[in-house]
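So the chains spell out like this:
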Amino acid sequence: MFFNPGIIALFISSLLISGMVLYASFYGALILRYWDIKSGSETQLNLERRTYLISTIISYACVFQLCSFFLFIYTADTLHPFFTGAMCAVGSLNVNKWGFPTVILKTITFLLAGLWLIINFTDNRGFDYPLIKVKYLLLLIITPLILAETIMQSNYFLGLNPEVITSCCGSLFTADTKGVASEIVSLPRSVMEIAFYGTMMGALVLGAVFYRTGKMGYGFSAAISVTFLISIASFISFISIYFYELPTHHCPFCILQKEYGYIGYFLYLLLLAGGLTGMGVGLLMPFRQMPSLKETLPAIQKHLTLISVICYLSFTAIATFQIIFSNLKM
Amino acid sequence: MIELQNIRKVFNEGLSSEYIALHDLTLAIAAHQVTVLKGPSGSGKTTLLSILGCMARPTAGRIVLAGREITSLPERFLTDIRRQTFGFIFQHYNLLKGISVIENVMLPAYPQGEPFSLLKKQAADLLKLFNLTHKAAAKVEWLSGGEAQRTAIARALVNQPEVIIADEPTAHLDTRLSREFMDIMRDFKAQGKTILIASHDPIVHESEVVDRVVQMRDGRIIDAGVI
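How each quantity is defined
- Residues numbered from 1 in each chain as written.
- Chains lettered and ligands numbered in written order.
- Predicted model: local features only at pLDDT ≥ 70, side-chain atom pairs only at ≥ 80, totals over all residues.
- Helix = DSSP H or I, 4+ residues; strand = E, 2+ residues; numbered from the N terminus.
- Rg over C-alpha atoms; globule rule 2.2 N^0.38 Å.
- Buried ≥ 20, exposed ≤ 12 C-beta atoms within 10 Å, placed from the backbone.
- Contact = placed C-beta atoms within 7 Å.
- Nonpolar A, V, L, I, M, F, W, Y, C, P; charged D, E, K, R; others polar.
- Core = buried A, V, L, I, M, F, W, Y, C linked by C-beta atoms within 7 Å.
- Domains from an automatic or database assignment.
- Pairing = 2+ DSSP bridges.
- Axes fitted to C-alpha atoms, helices over the stretch in contact; angles between N-to-C directions.
- Parallel < 35°, antiparallel > 145°, perpendicular 65-115°, else oblique.
- Left-handed = near helix turned anticlockwise from the far one by under 90°.
- pLDDT = per-residue confidence, 0-100.

### Examining the overall build of chain A
- Broken down by element type, chain A carries eleven helices and zero strands.
- Starting at the N terminus, the α and β elements of chain A follow one another as α-α-α-α-α-α-α-α-α-α-α.
- Against the 2.2 N^0.38 benchmark of 20 Å for 330 residues, chain A shows a C-alpha radius of gyration of 22 Å, consistent with a compact globule.
- In terms of its C-alpha atoms, chain A occupies a principal-axis envelope of roughly 65 × 50 × 30 Å.

Shown next as structure tokens:
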């Protein structure tokens, strides 16, 4: 284990977040079990008062969770000089078996925490706690994942051994090895370009349709989710090489480094924020007819759609700009 | 119509100092009438008024205001109802020292976001109604008891509430000012406002303006009066 400020901050924040969501989940379970808005019982009124505290606690926990995703990647990147063979976060994450599963779990909890914040924001706009059961059900799904993430992250940090010779991104994100990363790299470039620009165009058109008419919300949300995955794959497959100006370098982590102006953080933020808000639109679709949300929900969904479209458009614009004006010509 | 359903209020619940201020009160208060809550100190009148006016939440029970249940409302919705539906006249007036009479009257209307000039005109009209125009710029600490009381009433009216809640409004007034207060309540009643007063002052509950006297003791209603 290293005594690095990032590691210490992540350790403490994960423990705090876990404690907060565990405490909140206890009351969340009580709310799911006993909530009855029609009742004037002491239990019900107590739950109504308690939900303010619990919602606030979870909101903070979710915001911390969003920040911890980027801090984890940044920490993994800053640790790479300590490991022989590592050139970026990939090398640090490869030091033991917990690195990459932690990143994947952190991405999932990032999205779920963001969705929880969207549900909570919407619930607070209704006078009769319209989504209270949905948001506490989602909390009960998030909590075990956050606890698992805390354990995996702890195992990862505790298992960091500077004696380990790790593999660099060049050996992982190449067509010559086996695994998901190499399969993505091996995909034909033309297919990936068509998939990226096709799905992106489809998602943006559906976003415009939903923004203007309020129709095709599920379609837009599904398109955004698919585009999210394809964008990540496309970044590894053909976008990244224009940032590195090296046709064989496909690493999705090197772009987080200073040499590239930390542009990777911004690109991933755009992708995650766009994906999250787009998925949020679909998540809210079933509640559009709820009496207390009928007036406010369409406006919330429109805002989410706008954010999602702007994020994805910006991502596409930056990637396309780099492809056109990069010194690498292919 | 304001309907109270099994309202219970407990302070310091679960502690050795636990105190039950209201015991399962059920009461229907008619609109456009003057209702007085009468009872000795500690009978729960102020607690009940606070709950009725959405300034406190009950421990159990519900309140239905004009057909809408309001005790379950999240705070942001309750604030709007409190601001738009109720006008409060406090026992000690609770005027803010250091600012002028007109500023005190305007204060509850600031969050409504109306243009300042319009707000100032409304406040000035209210001060005129209560013969306080000449005191508009004066600091409230310079006011006499009667003037302070009328300023408090003007402030309660600035948001044009449907319901006026007054907690022991005559406790610090002499007989003449107390009767003057009830005359003002008569005018409000004539305008169709619903008035709730907590008082054990005979000038209040024996006034002909009053439609109903609800007697309370030890957090219970001992006589709901005649509607």
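We are not done yet, so read on.
### Let's talk about the overall build of chain B
- A count of helices and strands for chain B gives seven helices and ten strands.
- Whereas a compact globule of 227 residues would reach a radius of gyration of roughly 17 Å, chain B reaches 18 Å, a difference of no more than 12%.
- Summarising its shape, the C-alpha atoms of chain B cover approximately 50 × 40 × 35 Å along the three principal directions.
- A burial count over chain B gives 40% of its 227 residues as buried.

### Description of the interface of chain B and chain A
- Listed as interface residues are twelve residues of chain B and, on the opposing side, ten residues of chain A.
- Put simply, the parts of the chain that give the side of chain B that touches chain A at least two residues each are β1 (2-11) and β4 (60-65) of chain B.
- Among the elements that line the side of chain B that touches chain A, the one with the most residues is β4(B), at three residues.
- Tallied by class, residues from the side of chain B that touches chain A come to five nonpolar, five polar and two charged.

### Description of the nonpolar core
- Among the nonpolar cores identified, the biggest contains 89 residues, and V21(A), L115(A), W116(A) and F253(A) are the most heavily contacted of them.
- Residue-level mapping places this core at the junction of two domains, with at least three residues from each of domain 1 (1-167) and domain 2 (169-330) of chain A.
- Judged by nonpolar contacts, the second largest core, of 53 residues, contains I7(B), L48(B), F88(B) and L196(B).

### Description of the environment of A109(B)
Residue and element names in this part refer to chain B.
- Within the element layout of this structure, A109 appears in the loop between α3 (101-106) and α4 (116-129).
- Considered as a pair, A109 and L119 are ten residues apart in the sequence and their alpha carbons are 7.4 Å apart.
- Ignoring anything within four residues of it in the chain, the contact list for A109 reads E114, L119, V158 and N159.

### A closer look at the environment of Y265(A)
- Its place among the elements puts Y265(A) in helix α10 (residues 263-284).
- Look past the residues within four positions of Y265(A) in its chain and what remains in contact with it is F70(A) and L256(A).

### Thoughts on the sheet that holds strand β9 (residues 212-217) of chain B
All names here are of chain B.
- Judged by pairing direction, the sheet is mixed, and its six strands sit side by side in the order β6-β7-β8-β3-β9-β10 without closing on themselves. Here the strands that pair on one side only, and so sit at the sheet edges, are β6 (86-89) and β10 (220-223). Across the sheet, the mean angle separating the axes of adjacent strands is 25° when strand polarity is ignored.
- Pairing of β6 with strand β7 (residues 163-167) involves four bridges; the strand directions are parallel. The residue bridging F86 from the neighbouring strand is V163, located in β7.
- Across the sheet, helix α6 (residues 175-190) lies against β3 (34-38), β7 and β8 (194-198), angled at about 150° from β8, the strand it touches most.

### A look at the domain arrangement of chain A
All names here are of chain A.
- According to the domain assignment, chain A contains domain 1 (1-167) and domain 2 (169-330).
- Each of domain 1 and domain 2 has a C-alpha centre, and these two points are 23 Å apart.
- Mapped by element, the contributors of at least two residues to the side of domain 1 that touches domain 2 are α2 (42-79), α3 (89-93) and α4 (99-123).
- The biggest single contributor to the side of domain 1 that touches domain 2 is α4, with seven residues.
- Of the residues assigned to the side of domain 1 that touches domain 2, the class counts are 14 nonpolar, four polar and three charged.

### Let's talk about the packing of helix α1 (residues 5-34) of chain A against α2(A)
Residue and element names in this part refer to chain A.
- Viewed as axis vectors pointing N to C, α1 and α2 meet at an angle of 155°, and their least axial separation amounts to 8 Å. Considered as vectors, α1 and α2 are oriented roughly antiparallel to each other. In this structure, the crossing between α1 and α2 has a hand that is left-handed.
- When the residues that make up the contact of α1 with α2 are grouped by side-chain class, the tally is 22 nonpolar, ten polar and one charged.

### A few points about unusual backbone geometry
All names here are of chain B.
- Even without being glycine, N12 reaches a positive phi, approximately 55°.
- Counting through the fold element by element, N12 comes out in the loop between β1 and β2 (19-29).
- A positive phi angle is found at N94, which is not glycine, with a value near 55°.
- Among the secondary structure elements, N94 is positioned in the loop between β6 and α3.

### Focus: the packing of α1(A) against helix α5 (residues 132-158) of chain A
Residues and elements named next belong to chain A.
- Closest axis-to-axis distance for the α1/α5 pair is 8 Å, and the angle between their directions is 150°. In terms of their interaxial angle, α1 and α5 are classed as roughly antiparallel. Crossing of α1 over α5 shows left-handed handedness.
- Looking at the contact of α1 with α5 residue by residue, the class counts come to 20 nonpolar, seven polar and one charged.

### Structural notes on the sheet that holds β4(B)
All names here are of chain B.
- In space, the four strands of this open sheet follow the order β2-β1-β4-β5, with antiparallel pairing throughout. Each having just a single partner strand, β2 and β5 (68-69) make up the two edges of the open sheet.
- Pairing analysis gives two bridges linking β4 to β5, with the strands arranged antiparallel. Considered in β5, the bridge of L65 is made with R68.

### A short note on the confidence of the model for chain B
- Here chain B shows a mean pLDDT of 90. Residues at 70 or above account for 100%.
- Among the scores for the predicted complex, ipTM is 0.80 and pTM is 0.86.

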